[in-house]
Amino acid sequence: GRGRVRLGNLASFHGVGLGGGSCVSSGLCVVADGDGNVVTSTNPTGGPAAWTVANVDVSVGPNSNGPRLAGVSCPTSGLCVAVDSDGNIITSTKPTGGATAWTAVHAGGANDLTGVSCPSISLCVAVGARGAVVTSTHPSGGGAAWKVTRHSGTLSSPFPNGLSGLSFHHPVLPGPLPPLGARL
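Residues numbered from 1 in each chain as written. Predicted model: local features only at pLDDT ≥ 70, side-chain atom pairs only at ≥ 80, totals over all residues. Heavy atoms only, no water.

Our next topic: the sheet that holds strand S6 (residues 79-84). Across the sheet, which stays open at both edges, the four strands sit in the order S5-S6-S7-S8 with antiparallel pairing between neighbours. What marks the edges here is a single partner per strand, and that holds for strand S5 (69-76) and strand S8 (102-106). Each neighbouring strand pair of the sheet contributes to a mean axis angle of 20°, computed without reference to strand direction. As defined by bridge partners, strand S7 (residues 88-92) adjoins S8 across five bridges and the pair is classed as antiparallel. When the bridges of S8 are listed, Asn88 appears paired with His106. (Pairing = 2+ DSSP bridges. Helix = DSSP H or I, 4+ residues; strand = E, 2+ residues; numbered from the N terminus. Axes fitted to C-alpha atoms, helices over the stretch in contact; angles between N-to-C directions.)

This is the structure we're talking about:
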């Protein structure tokens, strides 16, 4: 259909369990998959040749049973943050720079991260199972820049294993942005 690009024919992209995507106004789009890949494009409507695959979560391999990238958020073309189901936070200040441009840190005390949202370069919030909330005001600052807290269970959530479906209000756009992974 119109507006769709079939990426499954890229040799190194298996398209297993897409974990969400993020696009910024500069034209950069980044999609995360369950095999530890990010698929990036600065021309998202340019067809399969306009997309590049990089394996950024080395703890994951094709069709493995290991952790899965669960989401990605890019507030600008100069910062993208992905999370995986093993509690890793993978960041890049040059998302189209290939696998070596991405750095992984483990959010101590947080496992099974299920989503991430970064409304700006100075605030990222990741959520996970059992009420984990992981925040940073300097997302590319390494492991020490991330703080893990857990909600006490007083919050009501339709997700039995924890929080999911992050959404933040954008300062320019009316209303809330759709939750991570929402179909637009």
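On inspection of all chains with the given rule, the structure shows three disulfides. The partner cysteine of Cys118 in its disulfide is Cys124, sulfur to sulfur 2.0 Å. Handedness of the Cys118-Cys124 disulfide follows from its S-S torsion of about 115°: it is right-handed. Its relative accessible area of 5% is what places Cys118 among the buried residues. Bonded cysteines in the protein chain are paired 1-2, 3-4, 5-6 when counted in the order they occur along the chain. (Disulfide = S-S within 2.5 Å. Buried < 20%, exposed > 50% of the residue type's maximum accessible area, 1.4 Å probe, protein only.)

Core analysis: the biggest nonpolar cluster contains 15 residues, and Val81, Ile89, Val134 and Trp146 have the highest contact counts within it. Looking at this core, the elements with two or more residues in it are S6, strand S9 (113-120), strand S10 (123-128) and strand S11 (132-136). Ignoring sequence-local partners within four residues, the contact set of Val134 consists of Ile89, Ala107, Ala110, Leu113, Cys124, Val125, Ala126, Trp146, Lys147 and Val148. Within the second largest apolar cluster, 14 residues are counted, among which are Val38, Val56, Cys74 and Trp102. (Core = buried A, V, L, I, M, F, W, Y, C linked by side-chain atoms within 4.5 Å. Contact = heavy atoms within 4.5 Å.)

Further remarks concern the sheet that holds strand S12 (residues 147-150). An order of S9-S10-S11-S12 is seen for the four strands of this open sheet, with the pairing classed as antiparallel. The open sheet has two edge strands with one neighbour each: S9 and S12. Across the sheet, the mean angle separating the axes of adjacent strands is 20° when strand polarity is ignored. Here S10 runs beside S11; their pairing, made up of four bridges, is antiparallel. Along S11, the bridge assignment pairs Val125 with Thr135.

Let us now look at the confidence of the model for the protein chain. Confidence along the protein chain averages 77 in pLDDT terms, with 67% of residues attaining 70 or more. With pLDDT under 50 throughout, residues 1-5 is counted as low confidence; its partners more than four residues away or in other chains account for four contacts. Contacts of residues 9-13 to residues separated by more than four positions or lying in other chains number 13 contacts, the stretch itself having pLDDT below 50. (pLDDT = per-residue confidence, 0-100.)

Before going further, it helps to spend a moment on the pairing of S5. Two strands pair when backbone bridges link them, and S5 and S6 are joined in this way by five bridges, in the antiparallel orientation. Considered in S6, the bridge of Thr76 is made with Leu79. Once S5 ends, the chain turns through two residues before running back antiparallel as S6.

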